[in-house]
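Here is how the chains run, residue by residue.
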Amino acid sequence: MNQTYRVAIIGSGPSGFFAAEELMGHSDAKIEVDMFDALPTPYGLVRGGVAPDHPKIKSVTLVYERTASRPGFRFFGNVALGREISIEDLRKFYDAVIFAHGARSDRRMGLPGEDLIGSQAATEFVGWYNGHPDYQEQKFDFSVESAAVIGNGNVAMDVARILAEDPERLARTDLTEQALAALRKSNIKEIFLLGRRGPVQAAFTNPEIRELCELPGCDAIVAPEEVNLDPESQKDLANLDPKFSTARNNIEVLLRQSKKGRGEKTKKIHIRFLVSPVEILGDNGKVKAVKVEKNKLMREPDGSLRAKGTGRYETIPVGLILRSVGYKGVALPNVPYDAKSGIVPNDRGRVTDGKTRDPIQGLYVVGWAKRGPSGVIGTNKPDSIETVRLLVQDLKENQGADSPDKTAAAVSAFLDAKKIQYTTFQDWKVLDAVETERGKAKGKPREKFTRIFEMLEVIRSKKRA
Ligand code: NAP
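Here's a quick rundown of the structure.

Procedures and definitions
All residue numbers refer to position in the chain's written sequence, counted from 1. pLDDT decides what is reported in this predicted model: residues at 70 or higher carry local features, side-chain atom pairs at 80 or more are listed and counted, and totals for whole chains, interfaces and linings draw on all residues regardless. Computation of side-chain values covers all heavy atoms of the structure but excludes hydrogens and water. A helix here means a DSSP run of H or I that spans at least four residues, while a strand means a run of E at least two residues long, and both kinds are numbered starting from the N terminus. C-alpha atoms define the radius of gyration, and 2.2 Å times the number of residues to the power 0.38 defines the globule rule. Relative accessibility thresholds used throughout: buried, under 20% of the residue-type maximum; exposed, over 50%; partly exposed, between the two (1.4 Å probe, protein chains only). Residue contacts follow a heavy-atom distance rule, with two residues in contact if any of their heavy atoms lie within 4.5 Å. Positive: Lys, Arg. Negative: Asp, Glu. His and the chain ends are not part of the count. To locate a charge, take atom NZ for lysine, CZ for arginine, CG for aspartate or CD for glutamate. Throughout, the term near means that a residue has one or more heavy atoms lying within 4 Å of the molecule or strand in question. What qualifies as a polar contact is a pair of N or O atoms within 3.5 Å, subject to a donor-acceptor requirement within protein and to the restriction that residues adjacent in sequence count only when both atoms come from side chains. Accessible surface area values rest on a Shrake-Rupley calculation with a 1.4 Å probe, where residue burial reflects the displayed protein chains alone. Polarity classes work like this: nonpolar for Ala, Val, Leu, Ile, Met, Phe, Trp, Tyr, Cys and Pro, charged for Asp, Glu, Lys and Arg, and polar for all others, with Gly in that last group. Stacked, tilted and edge-to-face are the three classes applied to pairs of Phe, Tyr and Trp rings, where Trp contributes its six-membered ring and a pair requires centres within 6.5 Å; stacked means planes under 30 degrees apart, edge-to-face means over 60, and tilted covers the rest. The rule is short: NZ of Lys or CZ of Arg within 6 Å of the ring centre and within 35 degrees of the ring normal puts a charge over the ring. For two strands to pair, DSSP has to find at least two bridges joining them. Here an angle of 0 to 180 degrees is reported between the N-to-C directions of two axes, which are lines fitted to C-alpha atoms, with helices fitted over the stretch in contact. Orientation labels follow simple angle bins: below 35 degrees gives roughly parallel, above 145 gives roughly antiparallel, 65 to 115 gives roughly perpendicular, and whatever is left gives oblique. Crossing chirality is assigned from the near helix's rotation relative to the far helix, an anticlockwise turn below a right angle marking it left-handed and a clockwise turn marking it right-handed. Between the first and last residue of a helix there are one fewer steps than residues, each counted as 1.5 Å, and that sum is the expected span. Note that the arc is computed from the directions linking the helix axis to the C-beta atoms.

### Overview of the overall build of the protein
So, point 1. A count of helices and strands for the protein gives 17 helices and 18 strands.
So, point 2. For the protein, whose C-alpha radius of gyration is 24 Å, the value lies close to the compact-globule estimate of 23 Å for 465 residues.
So, point 3. Here the protein holds 465 residues, and the buried ones make up 53% of them.
So, point 4. When contacts within the protein are restricted to residue pairs at least 6 apart in sequence, those whose partners lie at least 24 apart make up 75%.
So, point 5. If you average the places of the 71 positive and of the 63 negative side-chain charges in the protein, the two averages end up 2 Å apart.

If you want it as structure tokens, here you go:
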């Protein structure tokens, strides 16, 4: 097969880059990739989601840089589907399109008081402290003394840790200047991490719970009665496959922590289990407390243990609430979307029609947009490979008509004709170098630009120089 195929990838996070690598390294087909991102910068949640104090996780970008350096790869930043380019345009220019736009919204809880001032989605807080341009106008009230984080997944752990951490330690990370200044003034001393099920069912993983328990300026408090496992949880723990040791190790850490009591440190984080928020209480439109119901665990027909309210309640006074109950997908213009699950409907990555469930030729999906917001960065690799293998198989079976529009030059000409200020991967490397340099002066790995106009201006001025 001598034909060169052209594939567009929408989104430049892990799933998009893993898909690009698999496409370009494919031995059966010669494939060129154009990757589009709404932001001028690449890497999606690696830049805008991974916690600033987890730099090792971010080093995966070195792998993506290698992909970006392959001949036939191009990055078009600051080009959003539905804004600068449409799905019809993409169909004209490419043999296939892969949606890799993740799940950028948050799940609602449907709680009374959820929209009070001071009740915010953890996803907004994460975007804000990581310098994502869409979240820089967000305000978080750190003048209050206590905060609650709802949920106990790894995002909840990240946001709880950022609230509990010593700002001087965060000053050595790529946390933005603005976030650092706000956190330095924070009054928050008590943080409540609210898990609706028990410790065995907690969604956090071992390094995250250990890290939270070992913060130098904050005591992690675990009530012994909440880690005293019910018989069904004990049974699940005993039956766990030894290969899956997360829950067992979590329990060890929590039991150890429960014996330590309140401690002497200024800040306290209360790691709570078996409590479901039922209402957010306010005063003058602003959060003043969260009412929780104590739960017990009930076995479901599918074998899982679900939280069930006991009718016993507790009110926890807090002035800030970060709801961390999961990300949710968003619909892209003219792209199938299942509002209930928040994903692009698909069969192993082939986009399907929401009604007929038939595959739609030429459209594919990877990552959180394909399977929902679960898994760590590495989970996206096999997920993207699955989609790309089907895509290549389909390309080989349906030799698309050759068209003069299906060229790299046609795409550049289209964007230039529309006077779109797109950024290339080389532009990103320029910005990357300036951010790194700015960071060096402050002992940080980088000082991010957080506004799109600033990013474009830096790139323009470096090009002029
Ligand atoms: P997640 O792991 O799915 O956790 C969601 C949490 O919200 C769970 O504790 C869940 O409890 C709880 N929840 C859902 N609905 C609720 C409700 N109505 N009331 C109370 N609690 C509710 O999601 P995530 O934390 O957003 O993380 C997304 C993915 O990114 C995960 O796979 C995570 O591991 C990954 N991630 C990894 C890292 C890392 O590697 N360091 C960092 C951040 C994120 P139930 O379990 O009872 O449903």
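Anyway, onward from the coordinates.
### Examining the site of the ligand
So, point 1. The environment of the ligand is formed by 22 residues, the closest being Asn 152, Arg 196, Arg 197, Glu 208 and Gly 375.
So, point 2. Contact between the ligand and Asn 152: an oxygen atom at 2.9 Å from a side-chain N or O atom of the residue.
So, point 3. Separating an oxygen atom of the ligand from a side-chain N or O atom of Arg 197 is a distance of 2.8 Å.
So, point 4. Protein chains shield 79% of the accessible area of the ligand, which is 920 Å² for the free molecule.
So, point 5. At three residues, helix α7 (residues 154-164) tops the list of elements feeding residues into the shell around the ligand.
So, point 6. Classifying every residue of the shell around the ligand gives nine nonpolar, eight polar and five charged.

### Details of the side chain of Gln 257
So, point 1. Tracing the chain through its elements places Gln 257 in helix α12 (residues 246-258).
So, point 2. Its relative accessible area of 6% is what places Gln 257 among the buried residues.

### A word on the packing of aromatic side chains
Centre distance and the angle of the planes are the two values used to describe a pair of aromatic rings.
So, point 1. Tallied over the entire structure, the rule returns 23 aromatic pairs.
So, point 2. Taken together, the aromatic side chains of Phe 17, Phe 18, Tyr 43, Tyr 64, Phe 73, Phe 75, Phe 425 and Trp 428 make up a single cluster linked through ring pairs.
So, point 3. For the cation-ring pair, Lys 291 lies above Tyr 313, with the distance from its terminal atom to the ring centre recorded as 4.7 Å.
So, point 4. The ring of Phe 449 is capped by Arg 438, whose NZ or CZ atom sits 3.8 Å from the centre of that ring.

### Let's talk about the sheet that holds strand β18 (residues 359-365)
So, point 1. Pairing within the open sheet is mixed, and its seven strands lie in the order β3-β2-β1-β4-β18-β17-β16. Sheet topology places β3 (73-77) and β16 (346-347) at the edges, where each strand pairs with a single neighbour.
So, point 2. Helix-sheet contacts for helix α14 (residues 380-397) involve β1 (4-10), β2 (30-37), β4 (96-99), β16, β17 (350-352) and β18, and the interaxial angle to β18 is about 145°.

### Describing the packing of helix α1 (residues 14-24) against helix α4 (residues 61-68)
So, point 1. In the contact formed by α1 and α4, the axes pass within 10 Å of each other and the chain directions differ by 45°. In terms of their interaxial angle, α1 and α4 are classed as oblique. Crossing angle aside, the handedness with which α1 passes α4 is left-handed. Counted together, Pro 14, Phe 17, Phe 18, Ala 20 and Glu 21 of α1 and Tyr 64, Thr 67 and Ala 68 of α4 form the full contact between these two elements.

### Observations concerning α12
So, point 1. Between its first and last C-alpha atoms α12 spans 18 Å; for 13 residues at 1.5 Å apiece the expected length is 18 Å, and the two agree.
So, point 2. Along α12, the positions that sit buried rather than exposed are Ala 247, Asn 250, Ile 251, Val 253, Leu 254, Gln 257 and Ser 258. Projection of α12 onto a plane perpendicular to its axis shows the buried side chains occupying an angular sector of 165°, all on one side.
So, point 3. Looking at the buried residues of α12, the elements they touch are α10 (206-213), β9 (218-221), α11 (231-238) and β10 (267-272).

### Focus: the sheet that holds strand β12 (residues 286-299)
Hydrogen bonding along the main chain pairs the strands of a sheet, whether they run parallel or antiparallel.
So, point 1. Ordered by their spatial adjacency, three strands build an open sheet running β11-β12-β13, and the pairing between neighbours is antiparallel. The open sheet has two edge strands with one neighbour each: β11 (275-283) and β13 (305-317). Shown here is a sheet whose adjacent strand axes are inclined to one another by a mean of 20°, direction ignored.
So, point 2. In terms of strand pairing, β12 meets β13 through 10 bridges, oriented antiparallel. Residue pairing across strands places Asn 295 opposite Gly 309, the latter belonging to β13.

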